[in-house]
Amino acid sequence: MYPEYMTPSLEKVAQTRNKRYEMAKSGKPVFPPMTADQREEVLNRFHPDYETDSKKKVRIGPNKGEILTTEISDLLEAHSRIKPDLFDLSNPDYETDVLIIGGGGAGCAAAIEAMNNGVKSIISTKLRLGDANSMMSQGGMQAAVSETDSPPRHYLDIVGGGHFDNKPELVRALTEAGPGIVKWLEELGVVWDKMEDGSMYLLHGGGTSRKRMHSARDYTGAIILRTLMDEVKNNPEKVIILEFMPIIELIMDEKGRCAGGVIYNMETEEYFTVKAKATIITTGGYGRLHIRGFDTTNHYGATADGLVMAYRAGAKLLYMDSVQYHPTGAAFPEQIAGYLITEKIRGAGGQPLNIDGELFVFPREPRDVEASALMRECLEHKKGIITPSGRCGVWLDSPLIEIIQGEGYVNKQFPAMHHQFIRYGIDITKEPMLVYPSLHYQNGGIEINEKTETNLPGLYVAGEASGGVHGRNRLMGNSVLDYNVFGRRAGKEAAHYAKSAKLGKLTLQHIQDYENQLKAARIKTDSISPILLPSYTPEDVLKRQLTACYEGTLR
């Protein structure tokens with residue numbers, strides 16, 4: 001339950017609710033949407049990407065000299081976990097047609113499409129199959145299927161939301177494939193929310209000009225990923241799953257083609273090698289790096305592993321100066337700080353309010369703009385609500401949804417959200433949620449083309465690990481579509497490549513070459529990457545540990 005000192009603010013929220021409901025019922029915007037200039041101003045002044053020390057030049061590798069997010073530059077300028085000359089690659093422990101690095105939505109979709117195209121694959125994943133951000137997605141998946149919508153409209157929304165930095169060919173591939181993905185997932189077993197007449201139940205998301213958000217209550221990611229996982233697990237003769245066995249470096253051949261990877265067994269601490277004719281990186285994002293010190297919505301293993309190993313091998317990165325902060329992460333209860341409060345809440349009528357119960361921003365601005373406006377309300381206007389530990393947040397008025405949509409709507413459409421808060425004595429049908437922006441998505445990633453190919457032959461990337469689809473800001477629901485569209489495409493393209501690929505002598509020389517670059521640039525560091533798992537050990541405890549080097553964990 002909320003502390004007693006928050007009661008006066010909660011009373012003000014209740015007092016303004018009827019007036020705000022009347023505005024919502026009118027069909028007019030409940031708050032004036034920002035102009036382009038206003039959006040630019042709030043981003044420049046309050047988005048963390050614009051802070052003076054938020055970025056730095058990376059001094060080595062394919063993107064040398066480019067400005068990247070500081071924590072990413074530091075991660076790339078670290079030592080490998082292995083010494084390449086200690087590995088005998090002449091007799092690999094595993095051989096396969098396609099190696100898939102990561103066991104989330106993109107990885108599973110890739111494995112399904114690879115086997116449908118006649119090749120076998122190995123999924124090497126750091127935790128369990130399905131331990132991924134894909135599982136945690138709540139709000140839904142965008143796809144243009146209604147009579148008033150179209151893929152071109154969807155395209156324009158994405159490009160506008162991404163600040164026109166998207167790669168057009170990727171956005172076109174994404175939006176044109178959308179309706180087919182809805183059908184494909186339903187045929188696999190996903191049960192979409194539907195109206196009584198059987199048509200799709202669709203909602204708005206931030207930055208969308210049409211209702212095109214498909215959902216399965218607020219379990220959308222879990223329903224989709226469990227369906228994909230079932231399809232993978234039902235074909236053990238075609239897909240081998242290696243759990244708690246992440247790839248920590250890529251293997252190349254003597255002609256510069258990607259040829260597999262080095263596995264680290266997290267239980268036995270042994271190393272193994274995989275020879276693969278084609279390799280797909282689907283390692284997801286980097287929320288557990290806690291960029292700028294923010295709480296995160298991401299799962300425990302989201303530490304940018306794919307970026308590190310691909311970069312060392314020579315793959316180019318794109319838009320790694322851009323970070324997405326979800327406008328509404330939980331600020332209280334503090335046991336779940338950073339927990340995702342889906343944008344679907346605002347799409348259904350929930351409104352962000354300050355300490356005085358006042359609506360201060362249009363609820364469905366693009367994510368980066370909405371997040372910046374929430375920060376402004378707390379940091380400059382000083383109209384946030386302070387938690388017992390000193391966090392600041394604003395109210396997200398979920399009880400208003402019950403008035404707009406009808407009694408029982410929240411429990412029906414947001415059962416996971418309702419259950420999560422009721423555990424702490426907060427009934428979100430009667431009390432608002434306290435929220436603040438949370439580190440959510442890696443806007444950039446490894447650069448790909450429309451076939452999911454990188455600049456390295458034999459290396460493909462899909463899902464959040466890729467860069468270019470969303471530009472410098474992703475709109476809600478497009479990540480779910482992204483990992484399905486490009487996961488399938490990567491599986492198909494990698495399968496076709498693998499059928500004719502003939503690898504040369506395997507080598508890890510690129511790791512030694514990278515180490516030489518570190519020395520030439522006079523970069524002195526004790527950090528090791530990929531870090532695999534985040535460390536939450538307090539600094540005073542670390543100082544007393546023999547493992548004080550803590551293997552490259554960024555602080």
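Residues numbered from 1 in each chain as written. Predicted model: local features only at pLDDT ≥ 70, side-chain atom pairs only at ≥ 80, totals over all residues. Heavy atoms only, no water.

S.K.: What exactly am I supposed to notice about the pattern of salt bridges here?
M.R.: Where side chains of opposite charge bring their charged atoms close, a pairing between them can arise. The final tally for this structure, using the stated rule, is 36 salt bridges. Of the charged contacts in the structure, one is a salt bridge between Asp 53 and Arg 292, with a shortest N-O distance of 2.7 Å. With a gap of 239 residues between them, Asp 53 in the loop between helix H2 (36–46) and strand E1 (55–57) and Arg 292 in the loop between strand E10 (271–281) and helix H9 (305–313) connect regions that are remote in the sequence. Residue Asp 53 is classed as partly exposed on the basis of its relative accessible area of 47%. (Salt bridge = Lys/Arg side-chain N within 4 Å of Asp/Glu carboxyl O. Helix = DSSP H or I, 4+ residues; strand = E, 2+ residues; numbered from the N terminus. Buried < 20%, exposed > 50% of the residue type's maximum accessible area, 1.4 Å probe, protein only.)

S.K.: Would you explain helix H11 (residues 367–379) in this entry?
M.R.: Note on helix geometry: an α-helix contains 3.6 residues per turn, so any two residues three or four positions apart are oriented the same way. The terminal C-alpha atoms of H11 lie 18 Å apart, and with 13 residues this matches the ideal 18 Å at 1.5 Å per residue to within 8%. For H11, the buried fraction is high: 12 of the 13 residues fall into the buried class. Taken together, the buried positions of H11 are occupied by Arg 367, Asp 368, Val 369, Glu 370, Ala 371, Ser 372, Ala 373, Leu 374, Met 375, Arg 376, Glu 377 and Cys 378. The inward-facing, buried residues of H11 abut H2, strand E12 (323–332), helix H10 (344–347), strand E13 (351–353), strand E15 (392–397) and strand E16 (433–442). (Expected span 1.5 Å × (residues − 1). Contact = heavy atoms within 4.5 Å.)

S.K.: How do you make sense of the sheet that holds strand E19 (residues 466–467) when you look at a structure like this?
M.R.: As a general point, the strands of a sheet are linked pairwise by backbone hydrogen bonds and lie either parallel or antiparallel. Strand order across the open sheet formed by three strands is E11-E17-E19, with mixed pairing between neighbours. Each having just a single partner strand, strand E11 (317–318) and E19 make up the two edges of the open sheet. For E11 and strand E17 (residues 445–447), the ladder comprises two bridges, and the chain directions are antiparallel. Its bridge partner being in E17, Leu 317 is matched across the sheet by Ile 446. Of the strands in this sheet, E11 and E17 touch H9, which is tilted by about 40° from E17. (Pairing = 2+ DSSP bridges. Axes fitted to C-alpha atoms, helices over the stretch in contact; angles between N-to-C directions.)

S.K.: I'm lost on helix H8 (residues 220–233) in this one. Help?
M.R.: The end-to-end C-alpha separation of H8 is 20 Å, in line with the 20 Å expected for 14 residues at 1.5 Å each. Of the positions making up H8, those classed as buried are Thr 220, Gly 221, Ala 222, Ile 224, Leu 225, Thr 227, Leu 228, Met 229 and Val 232.

S.K.: Help me understand the pairing of strand E9 (residues 258–264), please; the structure alone is not making it clear to me.
M.R.: Look at any regular strand and the pattern is simple: side chains alternate between the two faces of the sheet. In terms of residue burial, E9 counts as a mostly covered element, since seven of its seven residues are buried. Relative to E9, strand E8 (residues 247–253) runs antiparallel, the two sharing four bridges. Bridged to Ile 247 within E9 is Ile 263. Counting the residues that bridge the hairpin from E8 to E9 gives four residues, and of these Gly 256 lies at a positive phi of roughly 85°. Counted between consecutive antiparallel strands, the loop separating E9 from E10 contains six residues, among which Glu 269 sits at a positive phi close to 60°.

S.K.: Teacher, can you tell me more about the packing of H8 against helix H15 (residues 478–500) here?
M.R.: Helices that pack against each other are described as a pair by the angle of their axes relative to one another and the distance between those axes. Where H8 meets H15, the axes come as close as 11 Å, and the angle between the chain directions of the two elements is 15°. It follows from the interaxial angle that H8 and H15 lie roughly parallel. The hand of the H8/H15 crossing is left-handed. Side by side, H8 and H15 meet where Gly 221, Ile 224 and Leu 228 of the first sit next to Val 480, Tyr 483 and Asn 484 of the second. (Parallel < 35°, antiparallel > 145°, perpendicular 65-115°, else oblique. Left-handed = near helix turned anticlockwise from the far one by under 90°.)

S.K.: Mind showing me how you'd approach the packing of aromatic side chains here?
M.R.: The geometry of an aromatic ring pair is captured by the separation of the ring centres together with the interplanar angle, meaning the angle of the planes. Scanning all chains against the criterion turns up 10 aromatic pairs. With centroids separated by 6.3 Å and ring planes inclined at 80°, the aromatic side chains of Tyr 311 and Tyr 514 adopt a geometry described as edge-to-face. Linking Tyr 311 in helix H9 with Tyr 514 in helix H16 (residues 509–520), this pair joins segments that are 203 residues apart in sequence. Accessibility expressed as a relative area gives 1% for Tyr 311, which makes it buried. The exposure class assigned to Tyr 514 is buried, which follows from its relative accessible area of 3%. Considering the side-chain rings of Tyr 460 and Tyr 497, the 6.1 Å spacing of their centres and the 70° angle between planes classify their relative orientation as edge-to-face. Taken as a pair, Tyr 460 in strand E18 (residues 459–461) and Tyr 497 in helix H15 lie far apart in primary sequence, 37 residues in all. Judged by its relative accessible area of 3%, Tyr 460 falls in the buried class. Put simply, the rings of Tyr 2, Phe 332 and Trp 395 touch in pairs and so form one group of aromatic residues. (Phe/Tyr/Trp six-rings, centres within 6.5 Å; stacked < 30°, edge-to-face > 60°.)

S.K.: Any chance you could explain the domain arrangement of the chain here in plain terms?
M.R.: Note on interface size: it is often stated as the accessible area lost on association of the parts. By the assigned domains, the chain splits into domain 1 (4–30 + 327–438) and domain 2 (76–322 + 443–507). With centres defined by C-alpha atoms, the gap from domain 1 to domain 2 works out at 32 Å. Between domain 1 and domain 2, the residue contacts involve 26 residues of the former and 23 residues of the latter. Carbon and sulfur atoms supply 52% of the area that domain 1 and domain 2 bury against each other, a total of about 2200 Å² over both sides. Of all residues in domain 1, Lys 344, Arg 364 and Arg 367 bury the most surface against domain 2, accounting for 26% of the area lost on that side. Summed over the shared surface of domain 1 and domain 2, the result is two salt bridges. Note that Lys 344 is salt-bridged to Asp 193, the shortest N-O span being 3.8 Å. Across the domain 1-domain 2 interface, the total number found is 18 residue pairs in polar contact (both at pLDDT 80 or more). Among the secondary structure elements, those contributing two or more residues to the side of domain 1 that touches domain 2 are H10, H11, helix H13 (409–413), helix H14 (415–422) and E16. Tallied by class, the residues present in the side of domain 1 that touches domain 2 amount to 13 nonpolar, five polar and eight charged. (Domains from an automatic or database assignment. Buried area = accessible area lost by both parts, 1.4 Å probe. Polar contact = N/O pair within 3.5 Å; in protein donor to acceptor, adjacent residues only side chain to side chain. Nonpolar A, V, L, I, M, F, W, Y, C, P; charged D, E, K, R; others polar.)

S.K.: I keep staring at the side chain of Arg 346 and nothing clicks. Help me out?
M.R.: Considering the arrangement of structural elements, one finds Arg 346 in helix H10. Residue classification places Arg 346 among the buried positions, given a relative accessible area of 3%. Setting aside anything within four residues of it in sequence, one finds Arg 346 in contact with His 326, Pro 327, Thr 328, Pro 363, Arg 364, Glu 370 and Leu 396.

S.K.: Any chance you could explain the environment of Gly 287 here in plain terms?
M.R.: Looking at the element boundaries, Gly 287 is found in the loop between E10 and H9. Considering only alpha carbons, one finds Gly 287 and Phe 332, 45 residues apart in sequence, at a separation of 19 Å. If near-sequence neighbours (up to four positions away) are discounted, Gly 287 is found in contact with Thr 296, Asn 298, Ala 302 and Leu 439.

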